[in-house]
Amino acid sequence: MKHLTDEQLIEHYLGECSNRVVVETHLRICGRCEQIYEEISNAMEVRTPKPAARERGYGEQVWQSIQGELLPYPPKPKRSYFSWPRLALAGACLLGIAAAFIGGSRWERLRTHPSQAANPAQERQRVVLVILDDHLDRSERLLVQLNHAGGERGELDDSLQAEARQLLPDNRLYRQSISAGGDPIMTAALDHLERVLLEIANTPEKLSSADIARIEQEMNTDSLLFQIRVLRARTSRREPTVDSRLKGASI
Amino acid sequence: MGQKILPNRTGILRSNTRMGKNDHALIRAVLSGDKNAYGALVARHGESMFQVAYRITESEADAEEIVQETFLRGYRSLAEFNGRADFRTWIYRIAVNCALKVLNRRNSEAAVPIAEEFDDERPAIQLADKGAGPERLLLDREIEVRRQVAMEKMTPDERLAFVLRHLEGRSIEEIAAALEITPNSAKQAVFRAVQKMRRSLAPLWVKS
């Protein structure tokens, strides 16, 4: 029979044995190992004599006996949150943040709207062109209707006259504005258009095909229609140029 | 934290506020210059350190010396104390080291020969049953003598490992850390110590 080693028995006593069941089984059948285990147990049962009880406040007495030998730790410097260097640093940080904010917002404005910032006149012109294009569009449709109506018989409905009356005051304003801006071709075309609109609007009775034929002939509306188409093409070309510049700049 | 508590007329700190503070708060106070805060720590842990020191040395005088040395060393190294650790565990390790030093010194001096016979100067036996007869008293005395002989035959490492494992209930890893040896060496030290104790006492069990 293979006996247990002393180390195994000591481990078993200390509760550190990994195979407890094997050891216990062996101890039941092996008298020699059982005797050694008993000796170990008996030896371990013997306790160290206890010291005489310390009197109350023993720890405080110890402190009294050693405190004379101890030097206090140097107090840690208190953190002052309002010292001048800290304040200066905080001020510099605030100034930096403010400068960055202002600079950033200005730069962003310039970057997003360069045309507005650079030249307000250009922006104004862009608005004028958009409105003028709309006006020329409506005028062109009126002249096309007028040309078509010239081939019909009898009285025509008064929608042409109503439209001419609406366009007339706008046209006058545009003509005056463009004239002041120094665009003689556009001014001449709007002047011609104004006279045609005036003729249509001021016809005393309902517009007949004969009236239209007369107007077409006297006022050369075909030529005017051509002129307006050319001018529309010109304003349309100029307008996207401005738009595309704006779009390109805002990206 | 900043509240300074002056010692009373006996110089003993009795402030409820201070006593109610946890160890870490007291350590912070000490490191901020309040030396007396350490007094509360000594008062709190002094007795338990004495018990440990006595179990290891079995001498009240040595245990007293170890306690003083422990707290002195503790104070001087307090700046190195890791705030996340437990102060009791930390000071306990210092106490064990101081005890080991005392055992080594005692061992090297070897002024007193190992006594095989009973010595009246040794501490009184606690095992004796007051109601026991003279034979039992005699046996108890002999047990104590043999126990002391076994303890003195142990090397300082073995003695410390034996006390920490058997009487203090420390794990092998803790013993290894305290003795600064490997866990296997600590285990072997415990085995050797138990063997010495068993062999010293074995004749008595046969007799009884």
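Computed from a prediction, not measured in an experiment: that's the story for all the values here. (Residues numbered from 1 in each chain as written. Chains lettered and ligands numbered in written order. Predicted model: local features only at pLDDT ≥ 70, side-chain atom pairs only at ≥ 80, totals over all residues.)

1. Remarks on the overall build of chain B
Along chain B, the regular secondary structure elements total nine helices and zero strands. Reading the secondary structure of chain B in the N-to-C direction produces α-α-α-α-α-α-α-α-α. Of all intrachain contacts in chain B linking residues separated by at least 6 positions in sequence, the fraction that spans at least 24 positions is 61%. (Helix = DSSP H or I, 4+ residues; strand = E, 2+ residues; numbered from the N terminus. Contact = placed C-beta atoms within 7 Å.)

2. Looking at the overall build of chain A
On a plain count of helices and strands, chain A comes out with eleven helices and zero strands. Reading chain A from its N terminus to its C terminus gives the helix and strand order α-α-α-α-α-α-α-α-α-α-α. Each of the 251 residues in chain A was classed as buried or not, and the buried ones make up 18%. Once local pairs closer than 6 in sequence are excluded, the contacts in chain A between residues at least 24 apart make up 69%. (Buried ≥ 20, exposed ≤ 12 C-beta atoms within 10 Å, placed from the backbone.)

3. Considering the packing of helix α1 (residues 6–14) of chain A against helix α3 (residues 31–45) of chain A
Residue and element names in this part refer to chain A. It is at 10 Å that the axes of α1 and α3 come closest, and there the two elements cross at 50 degrees. As summarised for this structure, α1 and α3 are arranged oblique, according to the angle between their axes. Considering how the two elements wind past one another, α1 and α3 form a crossing that is right-handed. Taken together, the residues of α3 that come into contact with α1 (itself represented by D6, L9, I10 and Y13) are C33, I36, Y37, I40, S41 and M44. A breakdown of the residues in the contact of α1 with α3 according to their chemical character gives eight nonpolar, one polar and one charged. (Axes fitted to C-alpha atoms, helices over the stretch in contact; angles between N-to-C directions. Parallel < 35°, antiparallel > 145°, perpendicular 65-115°, else oblique. Left-handed = near helix turned anticlockwise from the far one by under 90°. Nonpolar A, V, L, I, M, F, W, Y, C, P; charged D, E, K, R; others polar.)

4. Quick look at the confidence of the model for chain A
All names here are of chain A. Looking at chain A as a whole, its pLDDT mean stands at 80, while 84% of the residues score no less than 70. Per-element confidence in chain A is highest for helix α4 (residues 58–66), whose mean pLDDT is 92, and lowest for helix α6 (residues 114–118), whose mean pLDDT is 52. Long-range and interchain partners of residues 241–251, a stretch whose pLDDT sits below 50, account for five contacts in this model, where long-range means more than four residues apart. (pLDDT = per-residue confidence, 0-100.)

5. Observations concerning the interface of chain A and chain B
Taken together, the 33 residues of chain A in the interface contact 42 residues of chain B. Elements represented by at least two residues in the side of chain A that touches chain B include exactly α1, α3 and α4 of chain A. It is α4 of chain A that contributes the most residues to the side of chain A that touches chain B, eight residues altogether.

6. As for helix α4 (residues 60–76) of chain B
The end-to-end C-alpha distance of α4 of chain B is 24 Å, a good match for the 24 Å that 17 residues give at a rise of 1.5 Å each. Listed as buried for α4 of chain B are A63, E64, I66, V67, Q68, T70, F71, G74 and Y75 of chain B. Structurally, α4 of chain B contributes buried residues whose contacts are with α4 of chain A together with α3 (37–57) and α5 (87–109) of chain B. (Expected span 1.5 Å × (residues − 1).)

7. Here we look at unusual backbone geometry
Phi is positive for N220 of chain A, close to 50 degrees, though the residue is something other than glycine. On the secondary structure map, N220 of chain A appears in the loop between α10 (209–219) and α11 (221–250). On the basis of neighbour counts, which here come to 14 C-beta atoms within 10 Å, the residue N220 of chain A falls in the partly exposed class. In the Ramachandran plot, E180 of chain B falls in the positive-phi region, its phi being about 60 degrees despite a non-glycine side chain. Here E180 of chain B shows up in the loop between α8 (172–179) and α9 (183–207).

8. Quick word on the nonpolar core
Residues A53, A95, A99, A161 and V194 of chain B are the most contacted members of the largest nonpolar core, which totals 60 residues. At twelve residues, the largest contribution of residues to this core is made by α3 of chain B. Those residues in contact with A99 of chain B that sit more than four places away from it in its chain are A53, I56, T57, I66 and L160 of chain B. Grouped together as the second largest cluster of nonpolar side chains are 23 residues, A164, Y174, M186 and I200 of chain A included. (Core = buried A, V, L, I, M, F, W, Y, C linked by C-beta atoms within 7 Å.)

9. A look at the confidence of the model for chain B
Residue and element names in this part refer to chain B. Predicted confidence across chain B gives a mean pLDDT of 79, with 77% of residues reaching 70 or more. At the level of individual helices and strands, chain B shows its lowest average pLDDT in helix α1 (residues 16–20), which scores 45, and its highest in α4, which scores 94. Predicted confidence is poor over residues 1–20, with pLDDT under 50, and the contacts of this stretch with residues over four places away or in other chains come to 25 contacts. Taken together, the stretch residues 112–128 has pLDDT below 50 and engages in 23 contacts with residues farther than four places along the chain or on a different chain.

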